[in-house]
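Secondary and tertiary structure notes
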Amino acid sequence: MAADTTSITASALPDPAQEAGGAWGFTRAQLGALGVLIVFLAVAPFMLYPVFLMKLLCFALFACAFNLLIGYVGLLSFGHAAYFGMGGYLAGHAAKVWGLTPELAIIVGAVTAGLLGTIAGWIAIRRQGIYFAMITLALAQMVYFFCVQAPFTGGEDGIQAIPRGSLFGVIPLDQDMTMYWLVAGIFLGAFLLIHRIIHSPYGQVLKSIRENEPRATSLGYRTDDYKLLAFILSATIAGTAGATKSIVFGIATLTDVHWSMSGEVVLMTLVGGLGTVFGPVIGAAVIVTMQNYLAEMGAWVTVIQGVIFVTCVLAFRRGLVGEIAAMLKVKL
Amino acid sequence: MSIQRRDLLAAGAVTALGGLPRARAQGTQTIRIGVITDMSGPYRDTTGPGSVVLTQQAVQDFLGGGRGFQVEVLQADHQNKPDVGANIARQWFDQGVDAVVDLPTSSVALAVNQIAREKNKVHLNSGAATSDLTGAQCSPNTVHWTYDTYMLAKSTGAAIVKTGGDSWFFITADYAFGHALERDTGNFVRAQGGRVLGNARYPFPATTDFSAFLLQAQASRAKVLGLANASTDTVNCIKGAREFGLHRSMKLAALLMGVVDVKSLGLESGQGLLLTESFYWDLNDRTRALTQRVRPKNQDRPPAMVPAGCYGATLHYLKSVADMGVAAAKASGVEAVNRMKAMPCDDDAFGQGTIRADGRKIHPGYLFEVKTPGESRNPWDLYKVVATTPGEEAFRPLAEGGCPLVRS
């Protein structure tokens, strides 16, 4: 495991002394941050509004999934809303029309997003840079227009009144607190999974592709296969986030497949810090909190969001977490 | 009863800490009304700040004599996203808001409809068009006040055929809303003995050039061109139609358009246009009196239809609350709405009316023709009344809506 954590990324130069104290692929700083995160997850619902926290966690997971691609493989997908949204639609449809229990509905949503990611990824990874981004955007727009027209999505109205149901058919999720623990569980599970992926030998190859793809090829790695798998994993996790969101809120709509959602997740990841494990979580927290608590200010929300984006790009190139990590000379 | 931005920020900060507003609300008998509307999107001008002003005006008119309880008005922007709207409503209801008002955009309205029912609060809808709110998706917690797609289609379709426009061509936005408007209007046209000669459906969104569709319409030789779309698309179609000279051979009927759209379009392009609304500021002495009260607060504009609906609905809700007692009204949204249905309505915007068992507010629908620049006497003198459809005929009959509340 020690070998896994000594890789050097563009965002932060790790201090070997601190890394020695880490475990399970985490550096000591990351372990500390993870501890804070877990404590926050446990304490927050008693202090903050649980429904808001659930929304935050769904978006945090979505941003983490996106970060897996851009931060660790260097692929800028501009169509991640398609997987997030389709995951939500299918989970909603499964729970409402097929009457599945929530955990099965979420799995249906995740698998759908994964299949969609397989097709889109298979087409898109053949190109690099801006072409890759444009292909993912084009495919996502196709998904969007499919959702506008397809009968099962309800068009403009979306799928409404999706029942929360009972977990495994026994634990009713009507209470916000019960639902919260499930969402927190899903989030933490997927978050650790992403961390595991990044720090596996497979993840090391992904990073090598990010740094220098021709060299990775020359070392004998079939980079397309690696990139495709990363794309599918990212899409599946994004689908899980979307599916969870639609079960929480009882609604799946066009908002979640619209290209502006793809843009929002880029914003969250940038604000938090590309290629950091905790960055997307913080970025999502900042953006969602802003949207939620500044809703009364109407049109100013989008203006403030724009100002923050510009400030981030100009002043905090590495994002909030990236800057903090660089300041403390640790890896977060 | 005005709210400063600073108060809202403070409220936001308090909300973040949780729980506090609820305690305050219980202590001093305050009815809290939240206006959820479009403050930043395409419907800002027809709803948005105007809806907030008119809701506050209703509170002011109601509290004028002193009532023994307080009313607080909050506002939020749903950005036309159903999930954002549902989230705001859920949070507000959990934190002691008793009623939400306005909710333009059908998808948002239907989403909040579910939340209001789940939490047993009150949903006073003014801005949404969908007739499903009082049909398949009707709820005992909802009153749909101002208008709906059925009423627009009936008033515009049937009334125009009666005045001689018996052959139609539709330009339709190719999605559920456009299809519904076209279908409903077409049915009324046929029911009155008129004919639909054809239609052109354009991809929505993403169409900005309507010339091909307008030429198709012109070639059909229909007497009336029905525009089954909304906001900027409608305005673009009308401008295009003018450029192609369609207004010389056809009457233009906008199936969903408001006074603010006409104002921004201008009388030069808009003259002769036919459209339906249930409120116009210059209808009678009472609407003019209301306009006089509101105008200084409303950026010197007369109220539009949807804000007027917010006024009527809020006023009637507050009267019902006073009638049944604040504690009872806060305890059950269903009971509050039942009381609203039991009491006859009367306000300056819509006059006398009633609320049906399915939550539908009943009042007349007016078919207006946009004046020519020569006929207009002041900047907001835009309409003349062509036909009035009485309330009993304007809305879908109770039995045909398929509302489960009616069957029981």
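No experiment lies behind these values; they were computed from the predicted model shown.

1. Details of the overall build of chain B
- Across its full length, chain B holds 17 helices and 15 strands.
- Relative to the globule expectation of 22 Å for 408 residues, the C-alpha radius of gyration of chain B, 21 Å, shows essentially globular dimensions.
- Projected onto its principal axes, the C-alpha coordinates of chain B cover approximately 70 × 45 × 40 Å.
- Out of the 408 residues belonging to chain B, those deemed buried represent 57%.
- Sequence separation of at least 24 residues holds for 71% of the intrachain contacts in chain B that already meet a minimum separation of 6.

2. Some thoughts on the environment of B:Asn284
- Along the chain, B:Asn284 turns up in the loop between strand S10 (274-277) and helix H12 (285-294).
- Remark: the alpha-carbon pair of B:Asn284 and B:Ala349, spanning 65 residues in sequence, is separated by 9.3 Å.

3. Topic: the confidence of the model for chain A
- Across chain A, the average pLDDT comes to 86, with 91% of residues at 70 or higher.
- Every residue in residues 1-20 of chain A scores below 50 in pLDDT, and together they form 38 contacts with partners more than four places removed in sequence or on other chains.

4. Some details on the environment of A:Met177
All names here are of chain A.
- Inspection of the secondary structure puts Met 177 in helix H7 (residues 176-198).
- When the 10 C-beta atoms within 10 Å are taken as the criterion, Met 177 is described as exposed.
- Distance from Met 177 to Pro 50, taken between C-alpha atoms, is 6.7 Å for residues 127 residues apart in sequence.
- Once you skip the residues sitting within four places of it in the chain, Met 177 turns out to touch Pro 45 and Pro 50.

5. Some details on the interface of chain B and chain A
- On the chain A side, the residues contacting the 26 residues of chain B number 24 residues.
- Elements that contribute at least two residues to the side of chain B that touches chain A include exactly helix H1 (5-17), strand S2 (70-77), helix H4 (82-94), helix H5 (106-119) and helix H7 (176-191) of chain B.
- Considering only residue class, the side of chain B that touches chain A consists of 12 nonpolar, nine polar and five charged.

6. Regarding the UniProt feature "transmembrane region" (unreviewed entry) in chain A
- UniProt feature "transmembrane region" (unreviewed entry): in the numbering of this structure it lies at residues 31-49, 56-84, 104-123, 130-152, 179-198, 228-253, 265-290 and 297-316 of chain A.
- Helix and strand shares over residues 130-152 of chain A are 87% and 0% respectively, and the end C-alpha atoms of the span are 33 Å apart.

7. Some details on the domain arrangement of chain B
Residue and element names in this part refer to chain B.
- Taken domain by domain, chain B holds domain 1 (5-147 + 284-363) and domain 2 (150-277 + 364-394).
- Taken residue by residue, the interface counts 12 residues in domain 1 and 14 residues in domain 2.
- Within the side of domain 1 that touches domain 2, the residues separate by chemical class into seven nonpolar, four polar and one charged.

8. Things to note about the nonpolar core
- Counting residues in hydrophobic clusters, the biggest one holds 228 residues, and the most contacted among them are A:Ala60, A:Leu61, A:Phe62, A:Val183, B:Val112 and B:Leu225.
- Considering every element that reaches this core, the biggest residue donor is helix H3 (residues 50-72) of chain A, with 19 residues.
- Split by domain, this core shows at least three residues from each of two domains, domain 1 (5-147 + 284-363) and domain 2 (150-277 + 364-394) of chain B.
- Not counting residues up to four positions away in its chain, the partners in contact with A:Leu61 are A:Phe187, A:Ala190, A:Ile237, A:Thr240 and A:Ala241.

Calculation notes
Residues numbered from 1 in each chain as written. Chains lettered and ligands numbered in written order. Predicted model: local features only at pLDDT ≥ 70, side-chain atom pairs only at ≥ 80, totals over all residues. Helix = DSSP H or I, 4+ residues; strand = E, 2+ residues; numbered from the N terminus. Rg over C-alpha atoms; globule rule 2.2 N^0.38 Å. Buried ≥ 20, exposed ≤ 12 C-beta atoms within 10 Å, placed from the backbone. Contact = placed C-beta atoms within 7 Å. pLDDT = per-residue confidence, 0-100. Nonpolar A, V, L, I, M, F, W, Y, C, P; charged D, E, K, R; others polar. UniProt positions renumbered as here; feature names shortened; annotations may be inferred. Domains from an automatic or database assignment. Core = buried A, V, L, I, M, F, W, Y, C linked by C-beta atoms within 7 Å.

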